[in-house]
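Coordinate analysis (summary)
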2 protein chains.
Amino acid sequence: MLIIGVDAGGTKTEAVLLREEGAVSFAYAGPSNPASVGLETACRNIGKAIEGLGTVKPDAVGLGIAGLVDERLAGSLKKCLGLEDAVFVEDVEAAHVSAFLFGDGVVGILGTGSSFLGVKGGVKVRLGGWGHLLGDEGGAYYLGREAVRRALREIEGLDSPSCFAEDVLKHYGVKNTGELLYVIYSSENPRGKIAEYAPRVFALAETCAEAQELLRRAAAHVAEYIAAALRALGPLPVALTGSVYLNNEASLRPLIEGALESLGHRVEIRGPAVRQSCAAALLAARAKGLLSKRLVEAAAATCRFK
Amino acid sequence: MLIIGVDAGGTKTEAVLLREEGAVSFAYAGPSNPASVGLETACRNIGKAIEGLGTVKPDAVGLGIAGLVDERLAGSLKKCLGLEDAVFVEDVEAAHVSAFLFGDGVVGILGTGSSFLGVKGGVKVRLGGWGHLLGDEGGAYYLGREAVRRALREIEGLDSPSCFAEDVLKHYGVKNTGELLYVIYSSENPRGKIAEYAPRVFALAETCAEAQELLRRAAAHVAEYIAAALRALGPLPVALTGSVYLNNEASLRPLIEGALESLGHRVEIRGPAVRQSCAAALLAARAKGLLSKRLVEAAAATCRFK
């Protein structure tokens, strides 16, 4: 049995070929989140990543895609990929399986945006994932937006000076707020242009109190979503994933655990057990009636993070 | 002497024909803010409004446009309108003249977004106008976004129930958060889709404490911008304009004056003296060396709000 799983992300695409003996190979291509790169690029990069696995005739193909809410989008991707039988899952579903391998728990993705999913005894609770105009606290866009806002507030005299004003102007290569706004809004992807500043927040936090404070606020927001899931479902293990979390676990984990404790939840946050591409493959296997204990165990043993 | 002024707004276009005897006629067309309706529609509606003034050969044409930062945009509009000599000004410049007739003062526009301009003895201070991704507090988009966020927070158990959850779902004709997010993000103009909720906030505020609280927060943000301008320039008269302010002056004025007082500024906020279309005409006259005391006085006498 051969199953292909794809993690269609905003910065890269990862495809995996999974057998009952475990993950055979991984292949990569550029970004393929249709919401940020468009259908055509998404299709091309997903195709490239799958081709990278070699010539195979899979029994199931599963794709995990950020915030998938549209049947028509799934239909268009199936068509352009020539994979009429592919199984599409929302990225937060794949993230949940990547963390708990079909067990109960609460998972959060901190990527460009953020979203949360709690599952207990078959009951599901979805939180967050409101998109960049309405929420996404804790993700890269939120961090970049708050930092740029803080810089604008400093420059225009609404806030006292901090590390942000100078660093933001330098990062975007501009001299004043007019140029800064122009660079961001005239960019092809203003949301990405704002999110790209997030790594600077973590770098500044080593020495700058205002950057540390911003990370604390982000952590408090993330804890708020997790706490709401725990209130709805009762005590459960909690896991976080997504590029912002995985790249900054050492600084974010204690902040979020601390914020959860101040909300009355003593939780040790874990990372994902298997890669999200493998989780998408497992979800496809389940949808096609091909899921076995052996397959899950093989994935758990061979789909680890390097 | 004949001068045409145009207020190119997000909901309508207003054109005026101004002589030294005063405003001769006004004409109207649909929205023409290029940032929200696109260049083609903007050009068509500006053209329609100007045609509505009859066949005239103006000595100057002035157009006030929201957040105009791009020379190329002005160039494209000149070309498609066949008005190579037209004078383009940012809406906040026209708003300042509409409030102070070339005198000193601080003006704020509360429209879909918000922006502020203080002028004293030739020194200018621009504040806000950071666009919907980064700021625009106090405008319709801000009010709609905060209300929809509050509804999402209530529905997902992050906040206690208030008047917002049910009213937001009803306004958008949806049953749950998934449908709500879909209606907003799949709209052709998600920013406008969010801003359209703002009038409901004012309606709810008559009976709902959380809606009153949201208006107080908006007023505090507006006061913050005004206070920063007053700190930079010293004491000055303050005026507000824009559809959100003009349609809700009775509720917003005392809130903003109160917030300013708590920041140490005792100010009576005034409304605009002349319509923004007339202010755009006056700015065009000035740019062409045609401005006279008589023209300004005539505008002040005949360009009032009905």
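Residues numbered from 1 in each chain as written. Chains lettered and ligands numbered in written order. Predicted model: local features only at pLDDT ≥ 70, side-chain atom pairs only at ≥ 80, totals over all residues. Heavy atoms only, no water.

**Re the overall build of chain A**
Helices and strands together make up the secondary structure of chain A, namely 14 helices and 10 strands. For a compact globule of 306 residues, the expected C-alpha radius of gyration is about 19 Å, and chain A comes in at 20 Å, within 12% of that figure. Each principal axis of the C-alpha distribution contributes one length, and for chain A these read about 65 × 45 × 35 Å. Counting over 306 residues, chain A shows a buried share of 56%. Expressed as a percentage of contacts within chain A between residues at least 6 apart in sequence, the contacts between residues at least 24 apart total 63%. With an accessible surface of roughly 12800 Å², chain A has 50% of that area assigned to carbon and sulfur atoms. Looking at charge distribution, chain A has the averaged site of its 33 positive side-chain charges lying 3 Å from that of its 35 negative ones. (Helix = DSSP H or I, 4+ residues; strand = E, 2+ residues; numbered from the N terminus. Rg over C-alpha atoms; globule rule 2.2 N^0.38 Å. Buried < 20%, exposed > 50% of the residue type's maximum accessible area, 1.4 Å probe, protein only. Contact = heavy atoms within 4.5 Å. Areas by Shrake-Rupley, 256 points an atom, 1.4 Å probe, with all protein chains shown as cover. Lys, Arg positive; Asp, Glu negative; His and termini not counted. Charge placed at Lys NZ, Arg CZ, Asp CG, Glu CD.)

**A few points about the sheet that holds strand β8 (residues 123-128) of chain A**
Residue and element names in this part refer to chain A. Strand order in this open sheet of five strands is β8-β7-β6-β9-β10, and the pairing throughout is mixed. Looking at strand neighbours, the two that pair on one side only are β8 and β10 (269-270), the edges of this open sheet. By the bridge criterion, six bridges tie strand β6 (residues 105-110) to strand β7 (residues 114-120) in an arrangement that is antiparallel. Note that in β7 the partner of Gly108 across the bridge is Phe116. Relative to β6, helix α4 (residues 91-100) is tilted by about 125°, and along the sheet it contacts β6, β7, β8, β9 (238-241) and β10. Of the strands in this sheet, β6, β7, β8 and β9 touch helix α10 (residues 209-233), which is tilted by about 160° from β8. (Pairing = 2+ DSSP bridges. Axes fitted to C-alpha atoms, helices over the stretch in contact; angles between N-to-C directions.)

**Quick word on the domain arrangement of chain A**
All names here are of chain A. Under the domain assignment used here, chain A contains domain 1 (3-100 + 273-302) and domain 2 (103-272). Once you take the C-alpha centre of each, domain 1 and domain 2 turn out to be 26 Å apart. Taken together, the contact between domain 1 and domain 2 spans 12 residues of the former and 20 residues of the latter. Both sides of the domain 1 and domain 2 interface together cover about 1200 Å² of buried area, and 59% of this is carbon and sulfur. Of all residues in domain 1, Val92, His96 and Phe100 give up the largest surface area on contact with domain 2, accounting jointly for 51% of the area buried on that side. At the junction of domain 1 with domain 2, the criterion picks out two salt bridges. (Domains from an automatic or database assignment. Buried area = accessible area lost by both parts, 1.4 Å probe. Salt bridge = Lys/Arg side-chain N within 4 Å of Asp/Glu carboxyl O.)

**Observations concerning the nonpolar core**
Counting 118 residues, the largest nonpolar core has Leu143(A), Ile226(A), Ile256(A), Leu143(B), Ile226(B) and Ile256(B) as the members making the most contacts within it. When neighbours within four sequence positions are excluded, Leu143(A) is seen to be in contact with Gly138(A), Ala198(A), Val201(A), Phe202(A), Leu214(A), Leu215(A), Ala218(A) and Val244(A). Listed in part, the 23 residues of the second largest apolar core include Leu17(B), Ala27(B), Leu53(B) and Leu68(B). (Core = buried A, V, L, I, M, F, W, Y, C linked by side-chain atoms within 4.5 Å.)

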